[in-house]
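An overview of the molecular structure
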Amino acid sequence: MKIIVINCGSSSIKYQLFDMNGPITLAKGGVEKIGLNGSFIKHESNGQKVTLEGEIIDHRSGIEYVLGILISKEYGCISDFSEIDAVGHRVVHGGEKFKSSVLITDEVIAIMEESTQLAPLHNPPNLSGIYAMKSLLPDVPQVGAFDTAFHQSMPDYAYMYAIPHSLYTKYAIRRYGFHGTSHRYVSERALEILGKERTQKIITCHLGNGASVAAVMDGKSVDTSMGLTPVEGLVMGTRCGDIDPGVMTYVMDREDINRSGINSLMNKHSGLLGVSGVSSDMRELETAAQQGNERAQLALQMFHYRARKYIGAYAAAMGGVDTVVFTGGIGENSDTSRYEITKGLEFLGLEFDREKNAGVRGQEKIISTDASRVTAIIIPTNEELMIARDTATIVRKN
Ligand code: ADP
């Protein structure tokens, strides 16, 4: 069975074609700068990498490019579209309706359109990808995998905001959480690697440009750090994470900025970038901090401290913790961050092994001591594979 996984952002499309017998990746790549000058596609297949420029005005033409390159003689890996058995789409917001991945039908699309209000920046490009695939490969089944779905198992006392209840009933304002496919993948993979039962209490730290922590008990997410939107929780590349909402109204008054200005301040100019004034990129920050830049050092301390607090909070929420997983660009690659975040967690039973941790990048590895009661482990995430697996399961069932 061959499955293509599509992830449409506002000006990009990432794709990966899997042969589920394996599973192996037959091809992967991305279209960038859609609708802008200088759009291009980066494609990788059969160990060959290529970048092709083209005028890609919208998601539909982007997907046409992707399909075209997949069957091209020079760079392709399939001879005909009929070889594609199904399409899996990443969808950012599934609202309260989608608790797992689903076969995309007209009814599902209508519900997704409704959820667009909750994610006005993310869901429209996801939907564009779905519409484009539907028209280009009309007979191929499509599946939607939602970033929010895994966290639908949170109890109400964890997902409700302490604001008037009518705002929940009127507008579905509550915490949803994101990165669900990643938290699910790494928590399931942790059980596989460690040979443990689902009863484990796992804290998964997805640390990338966007970052979130989840508490996973009995295989279910019981809490996560992001909320109605991906701004809540950890200090991120450019997002502020948890903050007194009073700060925002105060800044709006003092700086005389409007709703869109404050939105941009919280999402694009805060976090590691805002504090350091150097960069949102962890590698650049670590270099600046080593060179003595005090604000870069402060930003890093804040990032590590906030993540550590969440680990403590989620251990309390679950009545303990058995495993802490690190994933995402920072979690997988920054040994300093993993060390700093877990510093002082011996009281929880986590004994970190600095030697095992040192220099590890992008590989599955236990980084706690053999004697540690709590296991700390690095697991590179693979959201695309998870989406492909869900797609295969759903298509086979239907
Ligand atoms: P996104 O949320 O955009 O998917 P990623 O998961 O790719 O983000 O993570 C990007 C982050 O990972 C950046 O801050 C980057 O600096 C960091 N990162 C990648 N490689 C390393 C490394 N070797 N050391 C430290 N940080 C790294």
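Preceding this section is the structure that the text describes.
Residues take numbers from 1 onward in each chain, read along the sequence in its written order. Whole-chain, interface and lining totals are the exception, using all residues; otherwise, since this is a predicted model, local features are given only for residues with pLDDT of at least 70 and side-chain atom pairs are given and counted only at 80 or more. For side-chain calculations, the full set of non-hydrogen atoms in the structure is used, while hydrogens and water are omitted.

Comments concerning the pairing of strand E5 (residues 48–53)
Should DSSP find at least two bridges between two strands, the strands are taken to pair. Numbering of helices and strands runs from the N terminus; a helix is a DSSP stretch of H or I covering at least four residues, while a strand is a stretch of E covering at least two. Bridging between strand E4 (residues 40–45) and E5 involves six bridges; their strand directions are antiparallel. Bridge pairing in E5 links Ile41 to Leu52. Count of turn residues in the E4/E5 antiparallel hairpin: two residues, of which Asn46 carries a positive phi of about 50 degrees.

Quick word on the nonpolar core
If you look at the biggest cluster of nonpolar residues, it comprises 41 residues, and the most contacted ones within it are Ile203, Cys205, Leu207, Phe303, Ile311 and Val324. Only strand E9 (201–207), strand E10 (211–217), helix H10 (282–290), helix H11 (294–318), strand E12 (323–327) and strand E14 (375–378) provide two or more residues apiece to this core. Counting residues per element, this core draws most heavily on H11, at ten residues. Ignoring anything within four residues of it in the chain, the contact list for Val324 reads Ile203, Cys205, Ile311, Leu350, Val374, Thr375, Ala376 and Ile377. To form a nonpolar core, buried Ala, Val, Leu, Ile, Met, Phe, Trp, Tyr and Cys residues must be joined to one another through side-chain atoms within 4.5 Å. Accessibility here uses a 1.4 Å probe with only protein chains present; expressed as a share of the type maximum, an area under 20% marks a residue as buried, one over 50% as exposed, and anything in between as partly exposed. Contacts are assigned to residue pairs with any non-hydrogen atoms lying within 4.5 Å of each other.

Focus: the side chain of Arg174
Here Arg174 lies in the loop between helix H5 (165–171) and helix H6 (180–194). Each polar contact in these results corresponds to two N or O atoms within 3.5 Å; when the atoms are within protein, one needs to be able to donate a hydrogen and the other to accept it, and residues that are neighboring in sequence are counted only if both atoms are side-chain atoms. Polar side-chain contacts of Arg174 include one of 2.9 Å to the side chain of Glu96. Excluding residues that lie within four positions of it along the chain, Arg174 makes contacts with Glu96, His151, Gln152, Met154, Tyr159, Tyr161, Tyr168, Gly227 and Leu228.

Side note on the packing of aromatic side chains
Aromatic rings from Phe, Tyr and Trp, with only the six-membered ring used for Trp, were paired whenever their centres fell within 6.5 Å, and each pair was classed as stacked if the ring planes differed by under 30 degrees, edge-to-face if by over 60, and tilted otherwise. Applying the stated criterion across every chain, the model contains four aromatic pairs. Plain terms: the ring middles of Phe98 and Phe146 are 4.3 Å apart, the flat faces sit at 0 degrees to each other, and that makes the pair stacked. Taken together, the residues span a long stretch of sequence, with Phe98 in the loop between strand E6 (86–91) and strand E7 (102–103) and Phe146 in strand E8 (residues 142–146) at a distance of 48 residues. There is no split in this pair, since Phe98 and Phe146 are both buried. Over the aromatic face of Tyr176 sits the side chain of Arg174, whose NZ or CZ is 4.6 Å from the ring centroid. Over the ring of Tyr339 we find Arg354; its NZ or CZ atom is 3.8 Å from the centre of that ring. Two thresholds decide whether a charge sits over a ring: the Lys NZ or Arg CZ must be within 6 Å of the ring centre and within 35 degrees of the ring normal.

What about the environment of Arg361?
Within the element layout of this structure, Arg361 appears in the loop between helix H14 (354–357) and strand E13 (365–366). Setting aside chain neighbours within four positions, we find Arg361 in contact with Glu332 and Asn333. In this structure the side chain of Arg361 is engaged in a polar contact, spanning 3.5 Å, whose partner is the backbone oxygen of Asn333.

A word on the sheet that holds strand E11 (residues 220–224)
Taken together, the six strands give an open sheet; going across it, the order is E11-E10-E9-E12-E14-E13, and neighbouring strands pair in mixed fashion. Each edge of the open sheet is held by one strand with a lone partner, namely E11 and E13. The pairing of E10 with E11 spans four bridges and is antiparallel. Paired with Met217 across the two strands is Lys220, which belongs to E11. Across the sheet, H11 is in contact with E9, E10, E11 and E12; its angle to E9 comes to roughly 160 degrees. Lines fitted to the C-alpha atoms define the axes, with helices restricted to the stretch that makes contact. Angles between their N-to-C directions range from 0 to 180 degrees.

What about the site of the ligand?
The near set for a molecule or strand comprises every residue that places at least one heavy atom within 4 Å of it. Residues in close proximity to the ligand total 13 residues, the closest being Asn209, Asp281, Met282, Arg283 and Gly329. One nitrogen or oxygen atom from the side chain of Asp281 is found 2.8 Å from an oxygen atom belonging to the ligand. Only the protein chains shown count as covering a residue, and every accessible area follows the Shrake-Rupley method with a 1.4 Å probe. When isolated, the ligand has an accessible area of 580 Å², and the protein chains bury 72% of it. Elements with a minimum of two residues in the shell around the ligand: H10 and helix H12 (328–333). Three categories are distinguished: nonpolar for Ala, Val, Leu, Ile, Met, Phe, Trp, Tyr, Cys and Pro, charged for Asp, Glu, Lys and Arg, and polar for the others, with Gly belonging to the last. When grouped by side-chain class, the residues that make up the shell around the ligand number two nonpolar, seven polar and four charged.

Observations regarding the packing of helix H1 (residues 59–71) against helix H3 (residues 123–136)
Close contact between H1 and H3 brings their axes to 9 Å; oriented N to C, the two are set at 55 degrees. When the axes of H1 and H3 are compared, the pair comes out oblique. When the axes of H1 and H3 are compared, the crossing they make is right-handed. Contacts from His59, Arg60, Ile63, Glu64 and Leu67 in H1 reach Pro125, Ser128, Gly129, Ala132, Met133, Ser135 and Leu136 in H3. The scheme is simple: roughly parallel for angles under 35 degrees, roughly antiparallel for over 145, roughly perpendicular for 65 to 115, oblique for anything else. Should the near helix be turned anticlockwise from the far one by less than a right angle, the crossing is left-handed, and should it be turned clockwise, the crossing is right-handed.

What about the pairing of E8?
Each regular strand shows side chains that alternate between the opposite faces of the sheet. Within E8, five of the five residues are buried, which leaves it mostly tucked inside the rest of the structure. On E8, burial covers both faces: Gln142, Gly144 and Phe146 on one face and Val143 and Ala145 on the other are all buried. The pairing of E6 with E8 spans five bridges and is classified as parallel. What sits directly across from Val91, in E8, is Phe146. Here E7 pairs with E8 via two bridges, running antiparallel. By the bridge assignment, Leu103 is partnered in E8 with Val143.

What about the state of the cysteines?
For the purposes of this analysis, a disulfide is any pair of cysteine sulfur atoms at a distance within 2.5 Å. In the structure shown here, the tally under the stated rule is zero disulfides. Left without a disulfide partner, Cys8 is nearest to the cysteine sulfur of Cys77, which lies 18 Å away. Cys240 takes part in no disulfide bond, and the closest cysteine sulfur to it belongs to Cys205, at a distance of 19 Å. Given a relative accessible area of 11%, Cys240 falls into the buried group.

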